[in-house]
Amino acid sequence: MSEKEKTINVKHVDVEAPEIKKKNLWFYPLGTVGRDMIYTMFTSFIFLYVLYTKELTDAQVVAITMIMVAARIFDAFNDPIMGNIIERTRTKWGKFKPWLVAGSLSTSIVVYLAFNTKFTGWAFVVFFGIIYFMYSITYTMNDISYWGMVPAVSRTSDSRNQFTARATLFAGIGGTLAGLLIPMFTAGALQIGGNSSTAYGIIALAVAILSPLFVTFTLFGVKENRDDMEKPADKVSFKLIADTIFGNDQLRWMVLIYLLHQIANNLIIGGIGANYVYFRYGYEGGLYSLFSTIGMAATAFLMIFYPAISRKLSRKTFLKILLYVAIAGCVLMLVSGLVMPAAMPAFWTLTIGYMLLAFGLYGYHLVLMISIFNTVEYNELQKGSRREGIITSIRPFITKLGCALVVVITSLCYLLFRVTDFTNKIANLEQAANQNLITTEMKNAQIAQVIQNVGKGQSIGMLLFMVIVPFVLLLTSYLLYKRFYKLDEEKYAQIVSELESRR
């Protein structure tokens, strides 16, 4: 051991001690409220910001799509390497918290700049490319260091269920707040500043301030187990990363299963849902806020009660129930658009359907996250090394790769159904209002006329994209999980017991 390693103050903390666990169960999840607000703003609204503030040619839409995909391919290398770097970090503050600080502050700066630019045309496309790659780097530091702490603050199956469920609940609170407020204040009667450019810029500033403030709860309130820091860390290498991923058969399957689920989980909130609501029911952000917020409301129940549910039902049984709930939601959404006229009863049917679909999707999200975390102990049993940083880095990488594929599917939908023909006209009106060339009232009246020209076939096409595609992917992920994932509750308990006997 080097002299530097000898000077590291490794804290031996019993994270399962009642007083420490109770404190961690509050301060750890509180840290993600602001993180998920900024995540939701960038991933769910950056494309809407572009569509409704910039006039784009088809070529520029394709270029922006390629940038997003290229950034996620870059993350294929960036995320595991970042996880490996975190794994090697040895400081008196631990290995996670220094990166959490750096990632949180830098992400806030990048997101503020992304939504406060005057560039247009191809100059904007170049700027977008730079800022999108910067976001990939900064949020990777932020996300991997945060979620990488889960195995370090929970060492039993029940405890891990509690931490994951509560952190996911608080993440949902942050994401839901962003999903409620951003459309409400960027389109329609409550739009800040009278135009979308000003509105997005102000909201980005607020979120950029809130995100690092919430992270301080985790930084100063959480105590994690640092026993593994006594061991010299493995060197950063692609061979080690590849060995961790491909040498762990359970992690290998989870990569594919989680990727399919992430595409299904993010397709509606990735832009298609907002445009569908705007085009069918009117350009009013409050309606989309209702759609997305009520849609996510049922997931709060799930996140609160999942630890209790997990004691009664096995994960695979629970997934089967969630699949049936999602099917019911898909049927209601299709009925609202294919059978009912475009009025408020149809809107509420659509919203309730989305609530059921979201309940199923987010239940899967919770179970699959825990399933990935549980491969840490499986790796320790098989290879003698936990490799928490590398394994937990796979989850955010897959999430971002899934979001990139969502962008491809969304862009395909936009181009196929000529969505940009209408968003370009709306963007021109928003810019005219921003430059005080027309009043807000004139702008809203002309936008209403634009929306009236959306064809029924275009609206139905968007509905089918955002219902059928997620369901097919959800069903596929369920079948793969049922067939290939072996670390059920009984098997995981055996692994933990075996590891304890070795220690």
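Residues numbered from 1 in each chain as written. Predicted model: local features only at pLDDT ≥ 70, side-chain atom pairs only at ≥ 80, totals over all residues. Heavy atoms only, no water.

Chemist: What's the story with the overall build of the protein chain in this structure? I'm lost.
Modeler: Of regular secondary structure, the protein chain possesses 21 helices and zero strands. A compact globule built from 503 residues should have a C-alpha radius of gyration of about 23 Å, and the protein chain, at 23 Å, falls within 12% of that. Here the protein chain holds 503 residues, and the buried ones make up 59% of them. When contacts within the protein chain are restricted to residue pairs at least 6 apart in sequence, long-range pairs at least 24 apart make up 86% of them. (Helix = DSSP H or I, 4+ residues; strand = E, 2+ residues; numbered from the N terminus. Rg over C-alpha atoms; globule rule 2.2 N^0.38 Å. Buried < 20%, exposed > 50% of the residue type's maximum accessible area, 1.4 Å probe, protein only. Contact = heavy atoms within 4.5 Å.)

Chemist: I'm lost on the environment of Phe163 in this one. Help?
Modeler: Tracing the backbone shows Phe163 in helix H8 (residues 157-186). Taking C-alpha positions, Phe163 is 22 Å from Leu210, a pair spaced 47 residues apart along the chain. When residues no more than four places from it in sequence are discounted, the contact partners of Phe163 are Lys21, Asn24, Leu25, Tyr28, Val153 and Ser154.

Chemist: Is there a simple way to think about the packing of helix H15 (residues 344-373) against helix H16 (residues 375-383) in this case?
Modeler: Two quantities define a packed helix pair, namely the angle between the axes and the distance from one axis to the other. At a minimum axis distance of 4 Å, the contact between H15 and H16 shows a crossing angle of 20°. When the axis of H15 is compared with that of H16, the two are roughly parallel. Mapping the contact onto sequence places Ser371, Ile372 and Phe373 in H15 and Thr375, Val376 and Glu377 in H16. Partitioning the contact of H15 with H16 into residue classes produces three nonpolar, two polar and one charged. (Axes fitted to C-alpha atoms, helices over the stretch in contact; angles between N-to-C directions. Parallel < 35°, antiparallel > 145°, perpendicular 65-115°, else oblique. Nonpolar A, V, L, I, M, F, W, Y, C, P; charged D, E, K, R; others polar.)

Chemist: Where do I start with the packing of aromatic side chains in this structure?
Modeler: Counted by the stated rule, this structure contains 31 aromatic pairs. Centre to centre, the rings of Phe42 and Tyr132 are 5.3 Å apart; their planes meet at 40°, and the pair counts as tilted. A residue pair is termed long-range when its members are at least 10 positions apart, and Phe42 in helix H3 (residues 32-53) and Tyr132 in helix H6 (residues 121-147) qualify at 90 residues. As far as burial versus exposure is concerned, Phe42 and Tyr132 are alike and both buried. An aromatic cluster is built from Tyr39, Phe42, Phe119, Phe124, Phe127, Phe128, Tyr132, Tyr135 and Tyr139, whose rings are joined through pairwise contacts. Over the ring of Trp26 we find Arg166; its NZ or CZ atom is 4.7 Å from the centre of that ring. (Phe/Tyr/Trp six-rings, centres within 6.5 Å; stacked < 30°, edge-to-face > 60°. Lys NZ or Arg CZ within 6 Å of the ring centre and 35° of its normal.)

Chemist: Help me out: how do you make sense of the environment of Tyr39 in this one?
Modeler: Relative to the helices and strands, Tyr39 resides in helix H3. For Tyr39, a relative accessible area of 14% translates into the label buried. In this structure Tyr39 touches Ser44, Tyr135, Tyr139, Thr399 and Cys403, once residues within four positions along its chain are discounted.

Chemist: How do you make sense of H15 when you look at a structure like this?
Modeler: Residues separated by three or four positions in an α-helix point in the same direction, a consequence of the helix having 3.6 residues per turn. Between its first and last C-alpha, H15 extends 43 Å over 30 residues, near the 44 Å set by a 1.5 Å rise per residue. The buried fraction of H15 is high, at 24 of 30 residues. (Expected span 1.5 Å × (residues − 1).)

Chemist: Looking at this model, I keep getting lost on the packing of helix H5 (residues 97-114) against H6. Mind explaining?
Modeler: Taken N-terminus to C-terminus, the directions of H5 and H6 make an angle of 155°; their axes are 8 Å apart at the nearest point. With respect to H6, the element H5 is oriented roughly antiparallel. Handedness of the crossing formed by H5 with H6: left-handed. On H6, the residues that touch Trp99, Leu100, Ala102, Gly103, Ser104, Ser106, Thr107, Val110, Val111, Leu113 and Ala114 of H5 are Phe127, Ile131, Met134, Tyr135, Thr138, Tyr139, Met141, Asn142, Ser145 and Tyr146. Residue composition of the contact of H5 with H6, by class: 14 nonpolar, seven polar and no charged. (Left-handed = near helix turned anticlockwise from the far one by under 90°.)

Chemist: Help me out: how do you make sense of helix H11 (residues 249-266) in this one?
Modeler: Counted at 1.5 Å a residue, the expected span for H11 with its 18 residues is 26 Å, and the 26 Å between its end C-alpha atoms agrees. The buried fraction of H11 is high, at 13 of 18 residues.

Chemist: Looking at this structure, how should I read empty space enclosed by the protein?
Modeler: Any empty space left between the atoms is revealed when a probe the size of a water molecule rolls over them. Taken as a whole and judged by the stated rule, the model has three cavities of 30 Å³ or more. Taken together, 15 residues form the lining of the largest cavity, with Thr43, Gly270, Cys403, Val406 and Val407 sitting closest to its centre. Of all elements in the fold, only H3, helix H4 (58-88) and helix H17 (388-416) reach the threshold of two or more residues within the lining of the largest cavity. Per-class residue counts for the lining of the largest cavity are nine nonpolar, five polar and one charged. (1 Å grid on protein atoms, 1.4 Å probe; cavity = no way out; pocket = protein on both sides within 12 Å on 5 of 7 lines; lining within 4 Å. Points joined across faces, edges and corners; volume = space filled by probe spheres on them.)

Chemist: Just checking my understanding: could you explain the side chain of Thr40 for this structure?
Modeler: Structurally, the position occupied by Thr40 is in helix H3. Beyond its immediate sequence surroundings of up to four residues, Thr40 is in contact with Phe45, Gly175, Ala178 and Gly179.

Chemist: Help me out: how do you make sense of the pattern of salt bridges in this one?
Modeler: Between side chains of opposite charge, a pair can form when the charged atoms approach closely. Evaluation of the coordinates by the stated rule reveals five salt bridges. Where Lys443 meets Glu430, a salt bridge forms, and the shortest distance between an N and an O atom there is 3.2 Å. Of this pair, Lys443 sits in helix H19 (residues 440-452) while Glu430 sits in helix H18 (residues 419-434); the two residues are 13 residues apart in sequence, bridging distant segments of the chain. A single salt-bridge network, built from bridges that share partners, covers Asp58, Arg418 and Asp421. (Salt bridge = Lys/Arg side-chain N within 4 Å of Asp/Glu carboxyl O.)

Chemist: Explain the side chain of Thr218 here, please?
Modeler: Structurally, Thr218 is set in helix H9 (residues 196-221). When near neighbours in sequence (up to four residues on either side) are disregarded, Thr218 contacts Phe27, Tyr28, Gly31, Lys97, Leu100, Tyr146 and Met149.

Chemist: Explain the layout of surface pockets here, please?
Modeler: The calculated volume of the largest pocket comes to roughly 680 Å³. Lining the largest pocket are 37 residues, with Asp36, Thr40, Ala171, Gly175 and Tyr362 positioned closest to its centre. Secondary-structure elements contributing two or more residues to the lining of the largest pocket are H3, H6, H8, H11, helix H13 (285-312), H15 and H17. The class makeup of the residues in the lining of the largest pocket is 16 nonpolar, 16 polar and five charged.

Chemist: Explanation requested: the state of the cysteines in the structure shown.
Modeler: By definition, a disulfide links two cysteine residues through a covalent bond between their sulfur atoms. Tallied over the full model, the rule gives zero disulfides. In this structure Cys330 is a free cysteine whose sulfur lies 16 Å from that of Cys413, the closest cysteine sulfur available. Take Cys330: its relative accessible area is 7%, and that puts it in the buried class. Its sulfur unpaired, Cys403 is 17 Å from the next cysteine sulfur, which belongs to Cys413. (Disulfide = S-S within 2.5 Å.)

Chemist: When you look at the environment of Ala358 in this model, what are you seeing that I'm missing?
Modeler: With respect to the helices, strands and loops of the structure, Ala358 is situated in helix H15. When the C-alpha atoms of Ala358 and Tyr49 are compared, they prove to be 24 Å apart, with 309 residues separating the residues in sequence.

Chemist: Would you mind going over the confidence of the model for the protein chain with me for this structure?
Modeler: Interpretation of this model should avoid reading the predicted coordinates in detail wherever pLDDT is low. When the pLDDT values of the protein chain are averaged, the result is 86; 93% of them are 70 or greater. Looking over the protein chain, one finds the lowest element-wise mean pLDDT in helix H1 (residues 3-7), namely 43, and the highest in H5, namely 95. Overall, residues 1-8 carries pLDDT values under 50, and its contacts beyond four positions in sequence, including any with other chains, amount to six contacts. (pLDDT = per-residue confidence, 0-100.)

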